[in-house]
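Observations on the model geometry
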Amino acid sequence: MDERKERKLNTTFSFLRFRSIFIKEFIQIRRDPPSLAIAIAMPLMMLLLFGYAVNTDIDHLPTVVWDQDNSEASRDLVQSFANTQYFDIDWIVYSGDEIQALIDDGKAKTGIVISPDYSSKLDRHETTSVQLLIDGTDPNAARIALSNAQLLTQHESLAIQEQLMEKRGLSNIEQPIEILPRVLYNPNMESLIFNIPALIGLIMQNVTAILTAFALVREKERGTMEQLVVTPIRPVELMLGKLLPYVFIGIFSFTIVLVTGVGWFGVPVKGSITLLIALSFLFLITTLAVGMLISTVAKTQLQAMQMSFAFILPSVLLSGFMFPRETMPVFIQWIGGIIPLTYFLEILRGIFLKESTLASLWQETVILSVFAFLICLLATLKFKKKIE
């Protein structure tokens, strides 16, 4: 009879055993300064570094000018380029070789060459040309430079035509088609407003996954797993006891990056703060479970670190954090679809920028919930309380 009661006690969830593991893990974290540094300093450092470094706004391109005409009209054109703030006129040279050398050395990104007969052709109402040299090693910067230069020259051409028609006593040219742009959610089209919410999700994932990836591996390397083996602790109690302390650490890290993103970078949360916290907690559970799953598979801390980065790198590239998923091949989009960060980025940007509600984010919420359940279940089933 006593054996039956003892067997039943060992097969049911025990809050006392769970609390013992929970307290033990907190004490172990407190005695591990590197883990505390990762949990506290790393989120803030990553947000500040990435917040300033990850900037897709292309402006102030270093520009070299060879003005062979050196007239009032050519100087006005050069000043028009500078006024756009996309081109910084850093060098005035007197030969094509000097322009080529500056672009070859990577000092100048664009070069403007004005022909000697630029102003005289304008005076004769003839078509003139301006050569624009662009460093195409960065295609994004090259496209921005080209499009802005074309817009500028079109504007200058239209202004010259209007002046000519006024001199001839004709009315101004009216454009048959007029576009009325209205940019929603991010009127100034600032990349910072777009990137900071995504950085919050990326930092949460990286910090929590790395921390929990070492949870069980550390026990194996230190030999304390042997002590746990001879105890009546069940796998689910051990997993939850080790997972819950990192939930509090993850919430603390999330609070740090959220306050910094809103207070330091000035990115407002247009949607519900309560909804943001609730769905962030759901994502936090998912990433913690991923780290715990890695911890059950890895045998050493080196393996845990390698597996963590093998999970983090694809999530950065395929989740839509850096590149829009719509431009990726369908097969790559499918791979990105099995990454939890993909859906959390939609949630973050929706709440931050679009004031989205749960009614518009229910699909992402359901998918994250399924991820959290399946990964937690897999990590629990994968864990075997034995010495290999």
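Residues numbered from 1 in each chain as written. Predicted model: local features only at pLDDT ≥ 70, side-chain atom pairs only at ≥ 80, totals over all residues. Heavy atoms only, no water.

Attention shifts here to the nonpolar core. By size, the foremost hydrophobic cluster in this structure holds 70 residues, and its most contacted members are Leu276, Ile351 and Phe352. Considering each element in turn, this core owes the most residues, twelve residues, to helix H8 (residues 191-213). In this view, Ile351 contacts Val269, Lys270, Gly271, Ser272, Leu275, Leu276, Leu279, Ser356 and Leu361; residues no more than four positions away in its chain are not counted. Among the nonpolar cores identified, the runner-up in size contains 15 residues, and Leu61, Tyr118, Leu122 and Ala141 belong to it. (Core = buried A, V, L, I, M, F, W, Y, C linked by side-chain atoms within 4.5 Å. Buried < 20%, exposed > 50% of the residue type's maximum accessible area, 1.4 Å probe, protein only. Helix = DSSP H or I, 4+ residues; strand = E, 2+ residues; numbered from the N terminus. Contact = heavy atoms within 4.5 Å.)

With five of five residues buried, strand S3 (residues 110-114) is to be regarded as a mostly interior element. Here S3 shows a buried face lined by Thr110, Ile112 and Ile114 and a second buried face lined by Gly111 and Val113. Sheet analysis places S3 next to strand S4 (residues 130-134), joined by five bridges and oriented antiparallel. Within S4, the residue paired with Ile114 across the bridge is Val130. (Pairing = 2+ DSSP bridges.)

Moving on to the confidence of the model for the protein. Here the protein averages 83 in pLDDT, while 90% of its residues score no lower than 70. Element-level mean pLDDT values for the protein span from 50 in helix H1 (residues 2-11) up to 94 in helix H15 (residues 340-354). (pLDDT = per-residue confidence, 0-100.)

To continue, consider the side chain of Asp135. Along the chain, Asp135 turns up in the loop between S4 and helix H7 (139-167). There is a polar contact of 2.8 Å between the side chain of Asp135 and the side chain of Thr137. Among residues more than four places away in sequence, those in contact with Asp135 are Ile103, Ala108, Lys109 and Ala142. (Polar contact = N/O pair within 3.5 Å; in protein donor to acceptor, adjacent residues only side chain to side chain.)

To continue, consider a nonpolar patch on the surface. The grouping of Trp362, Val366, Val370, Phe373, Leu374, Leu377 and Leu381 at the surface amounts to a nonpolar patch, some 710 Å² of accessible area in total. Inspection of the secondary structure puts Val370 in helix H16 (residues 362-382). Using a relative accessible area of 42% as the deciding quantity, one classes Val370 as partly exposed. (Patch = residues over 30% accessible without salt bridge, like charges linked within 9 Å, V, L, I, M, F, W, Y side chains within 5 Å. Areas by Shrake-Rupley, 256 points an atom, 1.4 Å probe, with all protein chains shown as cover. Salt bridge = Lys/Arg side-chain N within 4 Å of Asp/Glu carboxyl O.)

In space, the four strands of this open sheet follow the order S2-S1-S3-S4, with mixed pairing throughout. The strands lining the two open edges of the sheet, one partner per strand, are strand S2 (87-92) and S4. Across the sheet, the mean angle from the axis of one strand to that of its neighbour is 25°, orientation sign disregarded. (Axes fitted to C-alpha atoms, helices over the stretch in contact; angles between N-to-C directions.)

Attention now moves to the packing of H8 against H15. Running from amino to carboxyl end, H8 crosses H15 at an angle of 140°, the nearest separation of the two axes being 9 Å. For the element pair H8 / H15, the angle class is oblique. The two elements H8 and H15 meet at a crossing, and its hand is right-handed. Residues Ile193, Phe194, Pro197, Ala198, Ile200, Gly201, Leu202, Met204 and Gln205 of H8 pack against Leu341, Phe344, Leu345, Leu348, Arg349, Phe352 and Leu353 of H15. (Parallel < 35°, antiparallel > 145°, perpendicular 65-115°, else oblique. Left-handed = near helix turned anticlockwise from the far one by under 90°.)

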